[in-house]
Amino acid sequence: MKNTLRQVFHSSKFLTGFLIFAAILLTMWIYPLFNPGNPLEMIGVGTFAQPGTYFSLYDAATTRTETLRLPDADEKRITNLVSDADRAAMIEWFGLMEIDVSEVDATDIDALLDLWLEHYDPSVKIKGMTQARRNFFKRLDKNLRQIRSADTLLVMHQEDEELVEKARITKTDYVNVSEVANVKRLPLGTDNFGRDVLKELVSATGTSIVIGLIAGTVATLIGLTLGLLAGYVGGLADDIIMFITNIFTVIPGFVLLILISYSIGQDQRGASVVAIVIGLTSWTWTARSVRSQVISLRNRDHVNLSKLSGHSLFRIIVTDILPYIASYVVMAFILQVSSGILAEAQLSLLGLGPKTTVTPTLGLMMNWAMLYSAHTNGSWWAYFPVILTITLISFSLNLMNTGLDQVFNPTLRD
Amino acid sequence: MGKVILEVRDLKTKYVTRFREDVYAVDGVSFKIEEGKSLGVAGESGCGKSTLALSMMGYYFPPLHYISGDIIIDGKNISGLDPDTVRKSILGTEISYIPQAAMNALNPTQKIISFLEDVIHAHDAKADKSEIRERAEARFAELGLPRNVLDKHAVELSGGMKQRTVIAVSTILSPKVLIADEPSSALDVTSQKMVIKMMRELMEKGYIKSMLFITHELPLLYNVTDDIMVMYAGQIVERGTAREMVFDPVHPYSHGLMGSILVPEAGTRGSTLTAIPGTPPNLKKPPQGCRFAERCRYAKDECRYHTIADKPFGEGRSYRCLMSVDELREVYRNE
């Protein structure tokens, strides 16, 4: 056992897969310790908030402010506030007024603003300009003047039907984020319902892996039992079992899965029910391959001698046959887990996954992202991390499987 | 005459093929082994030697089926018992078996001690592990096997060691009858010698009371066993003491078999071996008369139609041929 483990962990493929999977599992375990709470809690009213750090403006205003003397802070602020379209409009107006702008650089917003405040006159009428266009320039002027004004924002607080000044914010005030209450750091933003995507993702990964494990266990148990019986007992039992297995093989598994899920109904479909349904439809290949392995084993000498010494069917299978195919079964199990996770994702994407109110799964997250058009409105954070997680899980599991295959199957060793 | 330990009476077993055809692999075999004696069974491939061993062990799993006959060990008939009784009261104590391919007989995933535990637990469910270990160590030491073998897996042992371990495991409960099915055929000469020495020791120290030794190597039988019996097409064609069988075979088949032995002695180089032409009959439809008639050089027409019974002669010898002993000896002398 010790040597087998050493050999297994010596395989770089297995080790890589194992480390990726272990990292995912560790994240699932550690992240909720730092960020506890219900992953389906809606923390904001907005849909698809971008990744970033969020805090309440009210809280920020009442936090002690600091004045930072950053050399280019003002310029940067103004640059951000005047869009390219505004600049183009300003230059257009200068052109109409036949004011020479050749000396002013379009990127130098300070100079451009100076020029504007000096020359703009709302009463000037330009021939051929529509009323709407003139109103546009008036609005632009109003906005631009506000940028340059040294206004102060007053935060008022109502006390006994009287407004009391609470805070005064000037444009040179800054707030230290760490002192603001209720700061939400959302590395992956929020989804369509305003839920923290990262928190949801961690919880969903856990649920999906559990679904994969249950589906894999169910499929492997059924496949293993039927395969062992068919292979070892042979004869009529073999014929009957293989008949059933062949029927299940030719029925497209995914269609069966869809029909069963649909007929169960949304209310009864918990994560574990979906997992069991996936397991019940994907055991056929395990059964077939276990059977073929067992057939090659059942006439080994030590199996015959075990029979000769009167051991029971169960004991012969467990002690004489199972140890031979154990490595194979472990590999099949890993693949079943991986395909179980994928099947859940496919099923949920079609809206036939577990019910949506209890716990998120990777498939449900993709379903929500699709239903609320995350892919068309550019909210990549709602679905891309989910895809990446699914990919990483199946990649790591398949890598582990290949690594094990190389260890246990000497013909594949390099 | 010593006490008869094993008696087989008219044992008949058959294989049933995929197409429901019966193959009579052991067809009316009867013999006795006395206490302290060993009996060798010789014959070419497919003559029913191994099937005889399996039938005696009660290995009636498809395609092998029991037809009739009794196997009596020390006055107790063991044929037709249910597998569980056989496992608990017969195997290991009354009769034990050393398989043909001892190389693969041990489950490679278990340690040697667990086979011993299995054997002893089948008869004494209360036996405790340290007791079993003590017992096994004592027996292994007596048979010249190292003690550390007990904690090894089968793959860690050499071929000869594996074979000796198998013998030690199957005789741990001192069976009355030991059936050895080609125990030394896959071994080199040195290991072969050690295996044979070990089996002799088992007999001498009284751990086994009698032995049925199956092999196709006749010189080995001459050295190991007291009596030899030659099988052909599911029947015993001749039986006698080892010396008589090698130097004075009566049945034409035994005669041919003994003539085909290559003895590595001075002066034998260059001498031609006499082979028996032809192949054994198809046992799906055994010939009506003598089964060897097709290949027999001395066969007459009547050989093909007469059912030939086992004819006793001399001191406890018997043979199965239409011709008389004297006729046959005369024929051989004139060759």
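A. Seen up close, the overall build of chain A. If you tally the helices and strands in chain A, you get 16 helices and six strands. Over its C-alpha atoms chain A spans a radius of gyration of 33 Å, topping by over 25% the 22 Å that the globule rule assigns to 414 residues. Summarising its shape, the C-alpha atoms of chain A cover approximately 110 × 55 × 50 Å along the three principal directions. In chain A, which comprises 414 residues, the share counted as buried stands at 31%. Put simply, of all contacts in chain A between residues at least 6 apart along the chain, 74% involve residues at least 24 apart.

B. Local environment of the sheet that holds strand β11 (residues 311-313) of chain B. Residue and element names in this part refer to chain B. With mixed pairing, the eight strands of this open sheet are ordered in space as β6-β7-β8-β3-β9-β10-β12-β11. Two strands lie at the open edges of the sheet, namely β6 (95-98) and β11, each paired on one side alone. Pairs of neighbouring strands in the sheet enclose a mean axial angle of 20 degrees, with direction left out of account. In this structure, strand β10 (residues 235-241) lies alongside strand β12 (residues 317-319), joined through two bridges in antiparallel fashion.

C. The nonpolar core, seen in detail. Ile95(B), Leu116(B), Ile179(B), Leu212(B) and Val230(B) are the most contacted members of the largest nonpolar core, which totals 89 residues. Contacts of Val230(B), omitting those with residues within four sequence positions, involve Ala42(B), Gly43(B), Val237(B), Glu238(B), His251(B), Tyr253(B), Ser254(B) and Leu257(B). The next biggest cluster of nonpolar side chains, apart from the first, holds 66 residues, and it includes Leu201(A), Ile325(A), Phe333(A) and Ala343(A).

D. Structural detail: the interface of chain A and chain B. Counting residues at the interface gives 11 residues for chain A, matched by 16 residues for chain B. Counting residues per element, the ones that place at least two in the side of chain A that touches chain B are α13 (301-308) and α14 (313-349) of chain A. Grouping the amino acids of the side of chain A that touches chain B by side-chain chemistry returns three nonpolar, four polar and four charged.

E. Just unusual backbone geometry, in detail. Here Ser373(A), not a glycine, exhibits a phi torsion of approximately 55 degrees, which is positive. Tracing the backbone shows Ser373(A) in the loop between α15 (362-371) and α16 (384-408). Classification of Ser373(A) as partly exposed rests on a count of 13 C-beta atoms within 10 Å. Not every positive phi belongs to a glycine, and Asp10(B) is a case in point at roughly 45 degrees.

F. Region of interest: the sheet that holds strand β5 (residues 76-77) of chain B. Residues and elements named next belong to chain B. On the basis of which strands lie adjacent, the open sheet formed by four strands has the order β2-β1-β4-β5 and antiparallel pairing. Across the chains shown, the open sheet's two edge strands, defined by having one partner strand only, are β2 (22-34) and β5. The sheet contact formed by strand β4 (residues 64-73) and β5 spans two bridges and is antiparallel. Within β5, the residue paired with isoleucine 73 across the bridge is lysine 76. Sheet strands touched by helix α1 (residues 49-57): β1 (4-16), β2 and β4. Its angle to β2, the strand with the most contacts, is close to 70 degrees.

G. Looking closely at the pairing of strand β7 (residues 177-181) of chain B. All names here are of chain B. Across the five residues of β7, five count as buried, placing the element largely inside the fold. Residue alternation in β7 divides its side chains into two sets, Val177, Ile179 and Asp181 and Leu178 and Ala180, and both sets are buried. Note: β6 against β7, four bridges, orientation parallel. Its bridge partner being in β7, isoleucine 95 is matched across the sheet by valine 177.

H. The arrangement of helix α4 (residues 129-142) of chain B in detail. Compared with an ideal rise of 1.5 Å per residue, which puts 14 residues at 20 Å, α4(B) spans 20 Å between its outermost C-alpha atoms and is within 8% of the ideal. On its buried face, α4(B) sits against α3 (112-123) and α5 (159-170) of chain B.

I. Quick peek at helix α12 (residues 284-297) of chain A. All names here are of chain A. Taking 1.5 Å as the rise per residue, α12 with 14 residues should run 20 Å; its terminal C-alpha atoms sit 20 Å apart, in good agreement. When we look at burial in α12, the residues that qualify are Thr284, Thr286, Ala287, Val290, Arg291 and Val294. Looking straight down α12, one finds its buried side chains confined to an arc of 150 degrees; they lie on one side. For α12, exposure combined with an orientation more than 90 degrees from the buried face picks out Ser292 and Ser296. Packing partners of the buried residues in α12 comprise α8 (197-233), α9 (235-250) and α14.

J. Geometry of the domain arrangement of chain A. Looking at chain A, the domain boundaries give domain 1 (2-46 + 190-412), domain 2 (54-68 + 151-186) and domain 3 (73-148). For domain 1 of chain A versus domain 2 of chain A, the distance between C-alpha centres works out to 51 Å.

K. Region of the structure containing the environment of Leu187(B). With respect to the helices and strands, the residue Leu187(B) is situated in the loop between β7 and α6 (189-204). With 28 residues separating them along the chain, Leu187(B) and Gly159(B) place their C-alpha atoms 6.9 Å apart.

L. Representation of the confidence of the model for chain A in the model. On average, residues of chain A score 86 in pLDDT, and 98% of them are at 70 or above. At the low end of the mean pLDDT range in chain A sits helix α4 (residues 73-81) of chain A, at 75; at the high end sits α8(A), at 94.

M. Fine view of the packing of α14(A) against α15(A). Residues and elements named next belong to chain A. At a closest axis distance of 7 Å, the pairing of α14 and α15 adopts a crossing angle of 30 degrees. The orientation of α14 relative to α15 falls into the category roughly parallel. For the element pair α14 and α15, the recorded crossing hand is right-handed. Contact residues: Glu344, Ala345, Gln346, Leu347, Ser348 and Leu349 in α14; Leu362, Gly363, Leu364, Met366, Asn367 and Met370 in α15. Residue composition of the contact of α14 with α15, grouped by class: seven nonpolar, four polar and one charged.

N. Looking closely at the packing of α9(A) against α12(A). Residues and elements named next belong to chain A. Axis separation between α9 and α12 bottoms out at 9 Å; the angle between their running directions is 135 degrees. With respect to α12, the axis of α9 lies oblique. Between α9 and α12 lies a crossing of left-handed hand. Each of Thr245, Phe248 and Thr249 in α9 lies in contact with α12, whose residues at this interface are Thr284, Ala287 and Arg288. Here the contact of α9 with α12 is composed, by residue class, of two nonpolar, three polar and one charged.

O. Summary view of the pairing of β2(B). Residues and elements named next belong to chain B. Taken together, the nine bridges between β1 and β2 define a ladder with antiparallel strand orientation. Within β2, the position partnered with glutamate 7 by the bridge is lysine 32. Counted between consecutive antiparallel strands, the loop separating β1 from β2 contains five residues, among which arginine 20 sits at a positive phi close to 60 degrees.

P. Fine view of the environment of Asn334(B). Structurally, Asn334(B) is set in the segment after α10 (325-333). Sequence-wise, Asn334(B) and Pro183(B) are 151 residues apart; in three dimensions their C-alpha atoms are separated by 38 Å.

Q. Summary view of the environment of Gly256(B). Residues and elements named next belong to chain B. The topology assignment puts glycine 256 in helix α9 (residues 252-259). Put simply, glycine 256 and threonine 274 are 18 residues apart on the chain and 7.1 Å apart in space, counted from C-alpha to C-alpha. Those residues in contact with glycine 256 that sit more than four places away from it in its chain are Thr274 and Ile276.

Conventions adopted
Residues numbered from 1 in each chain as written. Chains lettered and ligands numbered in written order. Predicted model: local features only at pLDDT ≥ 70, side-chain atom pairs only at ≥ 80, totals over all residues. Helix = DSSP H or I, 4+ residues; strand = E, 2+ residues; numbered from the N terminus. Rg over C-alpha atoms; globule rule 2.2 N^0.38 Å. Buried ≥ 20, exposed ≤ 12 C-beta atoms within 10 Å, placed from the backbone. Contact = placed C-beta atoms within 7 Å. Pairing = 2+ DSSP bridges. Axes fitted to C-alpha atoms, helices over the stretch in contact; angles between N-to-C directions. Core = buried A, V, L, I, M, F, W, Y, C linked by C-beta atoms within 7 Å. Nonpolar A, V, L, I, M, F, W, Y, C, P; charged D, E, K, R; others polar. Expected span 1.5 Å × (residues − 1). Arc of directions from axis to C-beta. Domains from an automatic or database assignment. pLDDT = per-residue confidence, 0-100. Parallel < 35°, antiparallel > 145°, perpendicular 65-115°, else oblique. Left-handed = near helix turned anticlockwise from the far one by under 90°.

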